[in-house]
Amino acid sequence: MYDLGIDLGTTFSVLAVQGRVTLVAGWPAAIYLEDCDVTIIPSPEGEETFPSVVMEDPDEPGALLFGRTALGRADESGAPVLFSKRKMGTSEPIPMPSRNWTAKEIAREFLAYLKRCAEQALGETVRRAVVTHPAYFDRAAVEETRAAAREAGFDMGLGEQMLMEPVAAALTYTRTDPRDPLRILTYDLGGGTFDVTYLERSEGVIHMRAFDGDHLLGGFNFDRALVHWVRQKLEGEGRRIVLDEENPEDRVRLIRLLRIAEEVKIKLARAKSDTDKVEFRAQKILVDADGQSVQVLERLTRPEFVELLRPYLERTIERSKNALAKAGADVSAVDEIVLVGGSTYGPWVAQFLAAAFPGVQPKLFHPDLCVGAGAAIHAGSVLPTMVPREDVHLLLEVPRISVLELINVGGVVQGAAGRPLSLRLRLPTGELRGPEPADQEGRFLFPDIVLEPEGASEFQLAVLGGADVLLEHPFAVRYEPAHQDTSTVTTVLPRQLSILTFDGHVPLAAEGATLPARCVRVLRRENDNPSLTIKLFQERDHIGSVRIENIPAAAGRGSLVELEVEVTAENEIRGHAKIKADGRIVATTKVSIAFSTPEAKPLQELEKTYTDLGARVAQLDGAAPGHSALQRHLSHLAGLFAQQPVERMEIQGALNELGHLLDPPKDEMMPTRVEFCESLAECRKALAALAEAGEAVAGKKRMDPDRARRLGDGLAQIETAGLAAHARRDRRLWARAHEDVMRIQGELTEVPSLDGVPTEILKLMGCMHLQKIEGQLREQEARLAGQGRADDWRRDVDRIYRGLGALTGTIQKIDAGLPGDQGLAQVRLALRALRPLEEDIRRLGIDLGSTEPFG
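Residues numbered from 1 in each chain as written. Predicted model: local features only at pLDDT ≥ 70, side-chain atom pairs only at ≥ 80, totals over all residues. Heavy atoms only, no water.

A. Layout of the overall build of the protein. Along its length, the protein carries 19 helices and 40 strands. C-alpha extents for the protein along the principal axes are approximately 105 × 85 × 55 Å. Each of the 855 residues in the protein was classed as buried or not, and the buried ones make up 50%. Here the analysis covers contacts within the protein between residues at least 6 apart in sequence; of these, 67% occur between residues at least 24 apart. Total accessible area on the protein stands at roughly 39,300 Å², and carbon and sulfur atoms take up 49% of it. Within the protein, the 128 negative side-chain charges are centred at a point lying 3 Å from the centre of the 103 positive side-chain charges. (Helix = DSSP H or I, 4+ residues; strand = E, 2+ residues; numbered from the N terminus. Buried < 20%, exposed > 50% of the residue type's maximum accessible area, 1.4 Å probe, protein only. Contact = heavy atoms within 4.5 Å. Areas by Shrake-Rupley, 256 points an atom, 1.4 Å probe, with all protein chains shown as cover. Lys, Arg positive; Asp, Glu negative; His and termini not counted. Charge placed at Lys NZ, Arg CZ, Asp CG, Glu CD.)

If you want it as structure tokens, here you go:
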């Protein structure tokens, strides 16, 4: 029974299994990597890698072609799907003749194809795989990759089956380098993604210290830049080229140009000198805007090509330096810079790295294969042995090699009929242990088993159903006390995770936190609804939600929710919650964590956003700080719009960056930081006016100097505490600071006299104040609905509406004929009934300001 290692690459994918394996007769010969004891399963054509290409069969609509076959047919007719991995975790459609597909659907079909190839090559069914993904994939992309593998027919029930690409590369390389300690910077530049990782090996354990990268940067960007260069050359000669990506014929033209660009790139990488010119020749592919055929014949040297790539290569260097800075490491301490990914074959990569990190010579290490090989090593090292039979399934958790003389033999066993099972272990001496019954979950354990001092210890595990032997499984463990276990990896979180609570952003795990990371947060319920939704953030991006359902009625407002969330070593997120009321636990429940898929906006909308942002930049003073950075962002965006194929998510990300520069992220705290500071300024202005006014201000005595000083000191303390609360996103302390400022502002600001105002007008003022609050409530209700959280707050919102309606009715019943002073007293008395609702209203994120219109 084999477990696959799969490098699901942007341009090429790899299949691997641990150990030396002979493939079935008729399949191309396996490629054995002796230095890391991994067998690479070749494609049906005998190549080390599988082109990550899918296309619809021109002769059989709806049927799909894969790999080299798809590329071959694409040369005849049709446009294959290339680089779909760059769209993983998004809603951006991928057109094929029969319909639009998503990247997840493409991945599912391609993984199913890889599974079929592996089964044909190995001659047996494959049930499990470890699938790799970029470290800088967002959560939606990771979870979609896992779901695609599951839908392709793999059993993906274990968290260990999703593996970050730099971890896989590290597992492979460290098997070939005996140095310990060992410090490595892995530079992984593939066809469509870039990861950089700093790691250390110490006493046989690999520690991943820091990550950085860009999941939309890779060899595809290089090819696209070259195609753009060719189009600019043609347009400089008066041949305008229009490629409509919605037109299937133009899509075919564009893909053929990209394939030629890739071939030119490879030739430039292999050129003997920098002065050698390489041809970009494209015959009978393009037509100009007038419908005339265009023959392309351009030549360029390697230095000319590198200038096209310079912005991308400089970005990889910047990311590499960031990774070292995050780890607190200096490049002088790095033993090796290991080059991973097919795009690192280009000598320009090593040149840029050597210039940025003098003294360290970058090293190519199985660039195309090491990630797939690492996935196979990981599968063989950490996945329990699976022994399926028709009536019983056994997962055996035991090491193949042990540095300890004593081991535990354990695992999980399940019977198809659900009957009680027990297990018996035969030791190398012939002695029997057991039978021992499996527990309710099917787990079993034989502790402290002694290994033979030399050679392999042979065991046999039997699964019993009563007196019947249902399964017998032989296995062996070697005792090697000097063995360095380079399969043990500790890793860190690539990007910060947090949840948004009423008290602000609460971190679950900071960037660089060692995984697994566990966070326990106690939240006080602000309503009595049966469900609770909490926003989940990755850095500043909202990526999903944590949802708790079936909260008992006994755990209403004021009860406690103890939320425990774990980010596992495999970068999975899971959790559970304990609901507490009156000091006791009334319910324990798992929480569901749903990841949202970023929406790909239409190109026309992106173009409008670009135009609007560009107009705003044009209005700024050219000498203003940061103006040059804004101009660089605009120039970069102009290039992204001009290059083809246009990638909407790439443009969307660049537009977001420009938007953040122009408008820092919206302040979600209520009131905003600006409003808080404006209130502070008004208070200080009022204090200054009182100090300058002399003995009287508007008929009032000048404020006592000691009292004025105390108010001024109080404002300073409130400002310090308030801004600190805002930085922590502590909503409770922030609201308290704002209330303190409003109190001082009320003491310093004169209230207009209401003497002589008729009761009818006073009633109208009171009702208008309630209508203002109701309007704020409706706006916030719409925002909650947009976030999918309206049901979580429905009871509170309805209660507030009812309360506001009742108060309005009370004011309307006041006798309009009352004298003004009596009418004012009656309206004020009615508005006092608003106070029990104030906390509910503020909980919804609404700033009430003054609680009545009369000061």
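B. Representation of the sheet that holds strand E24 (residues 432-437). The mixed open sheet is built from five strands, whose spatial order is E21-E27-E26-E23-E24. Two strands lie at the open edges of the sheet, namely strand E21 (401-402) and E24, each paired on one side alone. Inspection of the sheet shows strand E23 (residues 422-426) paired to E24 by four bridges, in the antiparallel sense. Within the sheet, the bridge partner assigned to Arg426 lies in E24 and is Leu432. (Pairing = 2+ DSSP bridges.)

C. Inspection of the environment of Gly67 at higher detail. Inspection of the secondary structure puts Gly67 in helix H1 (residues 67-74). Separated by 56 residues in sequence, Gly67 and Thr11 have C-alpha atoms that sit 9.9 Å apart. Ignoring anything within four residues of it in the chain, the contact list for Gly67 reads Pro51, Val53 and Phe110.

D. Quick look at the sheet that holds strand E19 (residues 385-388). Judged by pairing direction, the sheet is antiparallel, and its four strands sit side by side in the order E19-E20-E22-E25 without closing on themselves. Edge positions in the sheet fall to E19 and strand E25 (443-450), since each of these pairs with one other strand and no more. Taking the axes of each pair of neighbouring strands and ignoring which way they run, one obtains an average angle of 20° across the sheet. Both strand E20 (residues 392-397) and strand E22 (residues 406-415) contribute to a ladder of six bridges, which runs antiparallel. Of the residues in E22, the one forming a bridge with Leu395 is Val412. (Axes fitted to C-alpha atoms, helices over the stretch in contact; angles between N-to-C directions.)

E. Focus on the packing of aromatic side chains. Summed over all chains, the structure comprises twelve aromatic pairs. Taking 5.7 Å as the distance between ring centres and 45° as the angle between the ring planes, the aromatic pair formed by Phe110 and Tyr113 counts as tilted. Taken together, the positions of Phe110 and Tyr113, both in helix H2 (residues 103-122) and three residues apart, correspond to about one turn of that helix. Each member of the pair Phe110 and Tyr113 is classed as buried. With a centroid separation of 6.2 Å and an interplanar angle of 50°, the aromatic rings of Phe222 and Tyr312 are classed as tilted. A residue pair is termed long-range when its members are at least 10 positions apart, and Phe222 in helix H5 (residues 219-236) and Tyr312 in helix H7 (residues 302-327) qualify at 90 residues. On the accessibility criterion, Tyr312 (5% relative accessible area) is buried. An aromatic cluster is present here, built from Phe50, Phe66, Phe110 and Tyr113 joined pairwise through their rings. Over the ring of Phe154 we find Lys115, and its NZ or CZ is 5.9 Å from the ring centre. (Phe/Tyr/Trp six-rings, centres within 6.5 Å; stacked < 30°, edge-to-face > 60°. Lys NZ or Arg CZ within 6 Å of the ring centre and 35° of its normal.)

F. Quick look at a nonpolar patch on the surface. Together, Ile761, Leu764 and Met768 give the surface a local cluster of nonpolar side chains, amounting to about 280 Å² of exposed area. Relative to the elements of secondary structure, Met768 occurs in helix H16 (residues 759-786). (Patch = residues over 30% accessible without salt bridge, like charges linked within 9 Å, V, L, I, M, F, W, Y side chains within 5 Å. Salt bridge = Lys/Arg side-chain N within 4 Å of Asp/Glu carboxyl O.)

G. Fine view of empty space enclosed by the protein. What the rule picks out here adds up to three cavities of 30 Å³ or more. Computed from the structure, the largest cavity encloses a volume of approximately 130 Å³. If you go around the largest cavity, you meet 16 residues; those closest to its centre are Gly9, Ser52, Ser84, Lys85 and Ile106. Take the lining of the largest cavity: its biggest share by element is four residues, from H2. (1 Å grid on protein atoms, 1.4 Å probe; cavity = no way out; pocket = protein on both sides within 12 Å on 5 of 7 lines; lining within 4 Å. Points joined across faces, edges and corners; volume = space filled by probe spheres on them.)

H. Expanded view of the pairing of strand E34 (residues 541-548). By the bridge criterion, seven bridges tie strand E33 (residues 532-538) to E34 in an arrangement that is antiparallel. By the bridge assignment for E34, Lys535 is matched with Ser545. Count of turn residues in the E33/E34 antiparallel hairpin: two residues, of which Glu539 carries a positive phi of about 55°. Here E34 pairs with strand E38 (residues 592-595) via four bridges, running antiparallel. Bridge pairing links Ser545 to Ala594 in E38.

I. The arrangement of the confidence of the model for the protein in detail. For the protein, mean pLDDT is 84; residues scoring 70 or higher make up 91% of the total. Counted against residues more than four places away or in other chains, residues 694-701, with its pLDDT under 50, gives eight contacts. (pLDDT = per-residue confidence, 0-100.)

J. How the structure looks around the environment of Tyr345. Tracing the chain through its elements places Tyr345 in the loop between strand E17 (336-340) and helix H8 (347-356). Here the alpha-carbon distance between Tyr345 and Leu189, two residues 156 residues apart in the chain, equals 9.6 Å. When neighbours within four sequence positions are excluded, Tyr345 is seen to be in contact with Ala269, Leu364, Pro367 and Asp368. Engagement of the side chain of Tyr345 in a polar contact is seen with the side chain of Asp368, the distance being 3.2 Å. (Polar contact = N/O pair within 3.5 Å; in protein donor to acceptor, adjacent residues only side chain to side chain.)

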